[in-house]
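Here's the letter readout for the chains.
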There are 2 protein chains.
Amino acid sequence: MEIELAKQYGFCFGVKRAIKIAEQHQNSYTFGPLIHNRLEIERLKNQFNVGLKEDIREFKKGDKLIIRTHGIEKKNLQYLKEQNIEFIDATCPFVKKPQEIVQNMSREGYDIVIFGDKNHPEIKGVKSYAEHGAYVVLEVEELENIALSDRIALVAQTTRKIEDFKKIASYLIEKYKEVRVFNTICNATFENQISARELAKKADIMIIIGGKNSSNTKQLVRICEEVCDSCYHIESEEEVEPGWFENRKLCGITAGASTPDWIIERVKKRIEELN
Amino acid sequence: MEIELAKQYGFCFGVKRAIKIAEQHQNSYTFGPLIHNRLEIERLKNQFNVGLKEDIREFKKGDKLIIRTHGIEKKNLQYLKEQNIEFIDATCPFVKKPQEIVQNMSREGYDIVIFGDKNHPEIKGVKSYAEHGAYVVLEVEELENIALSDRIALVAQTTRKIEDFKKIASYLIEKYKEVRVFNTICNATFENQISARELAKKADIMIIIGGKNSSNTKQLVRICEEVCDSCYHIESEEEVEPGWFENRKLCGITAGASTPDWIIERVKKRIEELN
């Protein structure tokens, strides 16, 4: 039996980069969880002594802070600078982009509209770079009661769907003279889905690795099930059963966005051993 | 049969302004028809000796030229200046706006997309202000084979429908990093359209008055045809046929942005006489 990984799977570019940065900066702390994966955070703690602090005020001079993929609010960044706290910036470059856009557009006098979840740390960070009038919305209806100026800059949370973003843009375009639309949506999740479907089409068994409660992993499972009869959703190599692979020709493997490579590797190795 | 005028119809601000300018500058020539309305142009000739020349090379020093509402191509403006030909600018301010935007955005390095009819004088004029890469399109499909840079400025012909403009914008937003959308569609056209649709919904015959080559009048016809089975596009009362009105209950009347009130009045009178 052949084993093939999806062209794109698991961690996105920004998360991989952040983990590498954390591994290169032992004896440090992240401000908030670096990524939303408990096992990976435990590994960083055990292997690299990368700890976790949830409150910026807990950091003192001498501490080494890692800014996580979602970025940080501007006032917190200022606090670090004022307190001379060493920090390493692991903000995803795709998140840094809307931060910069919001700051520049705000300085040029544009009102800012951010399409995203106002409680998400990424969006809290992005919004904090506006120097005046910035509004975070998820629905067109929320814009109806906001009086915006005639020059608007629009950015999106990186993980949003483009179709929803276009609805917001359309509404603004109709009502305002100039809408400067920055498509800051990242295609990583979408690309995982496309790659999973491609592989599942030709595989006769698909192994999908990721948390049982992970919504993006469950979405991968659904996509694979549409084109492949034998799909198994597992969290670790311990769940792999030898019987699944009898008389199979091609085993496809993919993983959700919160699944670290080392778990994927262990699963792959286990399947190879059974082969 | 009842007769009802649309809530808003006929001349827009720019056309009213241009006619006033023409009336104030007797013994002059317009370069191309001042507005898309033959009868009004005849009136200006007869009452104010405002003539018409179609070729810029026909103008010589000593002539007085009126630039029409649609504006003029940049090279022609340069010719007038070089030849010291006196000119009065009756370009609609709402057309001047996209000209300026295209020039400025082009200088800032944006690729220009103009949503409009490449053969329309307004669009020829607007496009001429681009200093590089400018594309005129009416359909999303036309964009598929154009390789644009990642920074795009989008403007619209003033008389286009916002729904179609938003389709072009949506396509670009999905594909490119920054799309600077300038909604240069004129509200006058839009308001005429809303009023026409409202009236056409309840009328069983619609009379749409305006030049056969007037793009905004043709739009009105299309809009009315969507909701009313009997729509007639006429230029003057002479085209009105008695047979159209048999067994009708409500005749709606609207008119394009370049249709003078005196023509609308004549049409209305003619229909009343047939009633």
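Values in this document were obtained by computation on a predicted structure and should not be read as measured data. (Residues numbered from 1 in each chain as written. Chains lettered and ligands numbered in written order. Predicted model: local features only at pLDDT ≥ 70, side-chain atom pairs only at ≥ 80, totals over all residues. Heavy atoms only, no water.)

A.B. asks: What is the right way to read a negative patch on the surface from this model?
C.D. replies: A cluster of acidic residues, Glu139(A), Glu141(A), Glu142(A) and Glu144(A), forms a negative patch at the surface. With respect to the helices and strands, the residue Glu139(A) is situated in the loop between strand 7 (134-137) and strand 8 (151-156). (Patch = residues over 30% accessible without salt bridge, like charges linked within 9 Å, V, L, I, M, F, W, Y side chains within 5 Å. Areas by Shrake-Rupley, 256 points an atom, 1.4 Å probe, with all protein chains shown as cover. Salt bridge = Lys/Arg side-chain N within 4 Å of Asp/Glu carboxyl O. Lys, Arg positive; Asp, Glu negative; His and termini not counted. Charge placed at Lys NZ, Arg CZ, Asp CG, Glu CD. Helix = DSSP H or I, 4+ residues; strand = E, 2+ residues; numbered from the N terminus.)

A.B. asks: Help me understand the domain arrangement of chain A, please; the structure alone is not making it clear to me.
C.D. replies: When the parts of a complex come together, some accessible area is lost, and that lost area is often used as the size of the interface. Segmenting chain A into domains produces domain 1 (2-8 + 188-274), domain 2 (13-92) and domain 3 (94-181). The straight-line distance from the C-alpha centre of domain 1 of chain A to that of domain 3 of chain A is 36 Å. (Domains from an automatic or database assignment.)

A.B. asks: Whenever I open this one, the sheet that holds strand 3 (residues 50-53) of chain A confuses me. Can you help?
C.D. replies: Backbone hydrogen bonds are what pair the strands of a sheet, in a parallel or an antiparallel way. All names here are of chain A. Strands sit in the order 3-2-4-5 across an open sheet of four strands; the sheet is parallel. Two strands in the sheet have a free side with no partner beyond their single neighbour: strand 3 and strand 5 (86-89). Across the sheet, the axes of successive neighbouring strands diverge by a mean angle of 35 degrees, strand direction being ignored. Strand direction decides the pairing type here: strand 2 (residues 28-31) and strand 4 (residues 64-67), joined by two bridges, are parallel. (Pairing = 2+ DSSP bridges. Axes fitted to C-alpha atoms, helices over the stretch in contact; angles between N-to-C directions.)

A.B. asks: Explain the pattern of salt bridges here, please?
C.D. replies: Where charged atoms from two side chains of opposite charge come close, those side chains can pair. Applying the stated rule across the entire model yields 38 salt bridges over all chains. Residue Lys268(A) pairs with Glu272(A) through a salt bridge whose shortest N-O separation is 3.6 Å. Of this pair, Lys268(A) and Glu272(A) both sit in helix 9 (residues 261-274), separated by four residues, roughly a single helical turn. A relative accessible area of 40% means that Glu272(A) is categorised as partly exposed. The partner of Lys7(B) in a salt bridge is Glu198(B), with the nearest N and O atoms 3.4 Å apart. Here the residue Lys7(B) occupies a position in the loop between strand 1 (2-5) and helix 1 (13-24), and Glu198(B) occupies one in helix 7 (residues 187-202), the gap between them amounting to 191 residues. (Buried < 20%, exposed > 50% of the residue type's maximum accessible area, 1.4 Å probe, protein only.)

A.B. asks: How should I be thinking about helix 8 (residues 215-227) of chain A in this particular structure?
C.D. replies: Along an α-helix, a turn takes 3.6 residues, which lines up residues three or four apart on a common side. All names here are of chain A. Of the positions making up helix 8, those classed as buried are Thr 217, Leu 220, Val 221, Ile 223 and Cys 224. Seen from one end, helix 8 has its buried residues packed into an arc of 165 degrees, which puts them on one side. Of the residues in helix 8, the exposed ones pointing more than 90 degrees away from the buried face are Ser 215, Arg 222 and Glu 226. Elements in contact with the buried residues of helix 8: helix 7 (188-202), strand 10 (205-209), strand 11 (231-234) and strand 12 (250-255). (Arc of directions from axis to C-beta. Contact = heavy atoms within 4.5 Å.)

A.B. asks: How should the sheet that holds strand 10 (residues 205-209) of chain B be read in this particular structure?
C.D. replies: All names here are of chain B. Taking strand neighbours across the sheet as the criterion, the four strands line up as 1-12-10-11 in an open arrangement whose pairing is parallel. Of all the strands in the sheet, the pair left with one neighbour each is strand 1 and strand 11 (231-234). Averaged over all adjacent pairs, the angle separating strand axes in this sheet is 20 degrees, with direction ignored. When strand 10 meets strand 11, the two strands line up parallel, connected through four bridges. Across the sheet, residue Ile 208 finds its bridge partner in strand 11, namely His 233. Where helix 8 (residues 215-227) meets the sheet, its contacts fall on strand 10, strand 11 and strand 12 (250-255), and the angle it forms with strand 10 comes to roughly 170 degrees.

A.B. asks: Whenever I open this one, the interface of chain A and chain B confuses me. Can you help?
C.D. replies: Contact residues are listed per partner, giving 16 residues for chain A and 17 residues for chain B. In total, chain A and chain B occlude about 1600 Å² of area from one another, counting both sides; carbon and sulfur atoms represent 47% of this. The tally of links between chain A and chain B comes to four salt bridges. A salt bridge links Lys166(B) to Glu174(A); its shortest N-O distance comes to 2.5 Å. Counting only elements with at least two residues in the side of chain A that touches chain B, the list comes to helix 6 (162-175) and strand 9 (178-182) of chain A. With seven residues, helix 6 of chain A is the largest single contributor of residues to the side of chain A that touches chain B. Of the residues that constitute the side of chain A that touches chain B, the class distribution is nine nonpolar, two polar and five charged. Where strand 9 of chain A meets strand 9 (residues 178-182) of chain B, five bridges bridge the pair, whose relative direction is antiparallel. Residue Phe182(A) lies in a different strand from strand 9 of chain B, and its bridge partner there is Glu178(B). (Buried area = accessible area lost by both parts, 1.4 Å probe. Nonpolar A, V, L, I, M, F, W, Y, C, P; charged D, E, K, R; others polar.)

A.B. asks: Can you walk me through empty space enclosed by the protein in this structure?
C.D. replies: Unoccupied space between atoms shows up once a probe the size of one water molecule is rolled over them. Residues and elements named next belong to chain B. Throughout the structure, instances matching the rule amount to four cavities of 30 Å³ or more. What the largest cavity holds in volume is close to 270 Å³. Together, 20 residues line the largest cavity, and Val 15, Thr 69, His 70, Thr 159 and Asn 216 are the ones closest to its centre. Counting only elements with at least two residues in the lining of the largest cavity, the list comes to helix 1 and helix 8. Of the residues that constitute the lining of the largest cavity, the class distribution is seven nonpolar, twelve polar and one charged. (1 Å grid on protein atoms, 1.4 Å probe; cavity = no way out; pocket = protein on both sides within 12 Å on 5 of 7 lines; lining within 4 Å. Points joined across faces, edges and corners; volume = space filled by probe spheres on them.)

A.B. asks: Help me understand the side chain of Thr217(A) in this model?
C.D. replies: Inspection of the secondary structure assignment puts Thr217(A) in helix 8. Those residues in contact with Thr217(A), other than ones at most four positions away along the chain, are Ile208(A), Ile209(A), Gly210(A), Gly211(A), His233(A) and Gly256(A).

A.B. asks: Please clarify how the pairing of strand 2 of chain A should be interpreted in this entry.
C.D. replies: Where a strand is regular, its side chains alternate between the two sheet faces. All names here are of chain A. In this sheet, strand 3 lies alongside strand 2 in parallel orientation, the contact comprising four bridges. In the strand pairing of strand 3, Ser 28 is matched with Val 50. A crossover connection joins strand 2 to the parallel strand 3 through helix 2 (residues 38-48); in handedness this β-α-β unit is right-handed. (Right-handed = clockwise from strand over helix to strand, strands pointing away.)

A.B. asks: Can you help me understand the packing of helix 4 (residues 93-107) of chain B against helix 5 (residues 121-128) of chain B in this one?
C.D. replies: A pair of packed helices is captured by two measures, namely the crossing angle of their axes and the spacing between those axes. All names here are of chain B. Contact geometry of helix 4 with helix 5 gives a least axis separation of 8 Å together with a crossing angle of 30 degrees. Judged by the angle between their axes, helix 4 and helix 5 are roughly parallel. The interaxial crossing formed by helix 4 with helix 5 has right-handed handedness. Within the contact between the two elements, helix 4 uses Val 95, Pro 98, Gln 99 and Val 102 and helix 5 uses Glu 122, Gly 125 and Val 126. (Parallel < 35°, antiparallel > 145°, perpendicular 65-115°, else oblique. Left-handed = near helix turned anticlockwise from the far one by under 90°.)

A.B. asks: Would you explain the nonpolar core in this entry?
C.D. replies: One recurring pattern in soluble globular proteins: nonpolar side chains tend to sit buried together. Of all hydrophobic cores here, the largest spans 42 residues; its most connected members are Leu172(A) and Leu172(B). Those elements that place two or more of their residues in this core are strand 6 (111-115), strand 8, helix 6 and strand 9 of chain A together with strand 6 (111-115), strand 8 (151-156), helix 6 (162-175) and strand 9 of chain B. Residues contacting Leu172(B), with those up to four places away along its chain left out, are Val113(B), Leu143(B), Leu148(B), Ile152(B), Leu154(B) and Val179(B). Membership of the second largest hydrophobic core comes to 28 residues, among which are Ala6(A), Cys231(A), Leu250(A) and Ile271(A). (Core = buried A, V, L, I, M, F, W, Y, C linked by side-chain atoms within 4.5 Å.)

A.B. asks: Any chance you could explain the confidence of the model for chain A here in plain terms?
C.D. replies: Low pLDDT means the predicted coordinates in that region are not meant to be read closely. Averaged over chain A, the pLDDT score is 94; the fraction of residues at 70 or greater is 100%. Both confidence scores are given for the complex: pTM 0.81, ipTM 0.79. (pLDDT = per-residue confidence, 0-100.)

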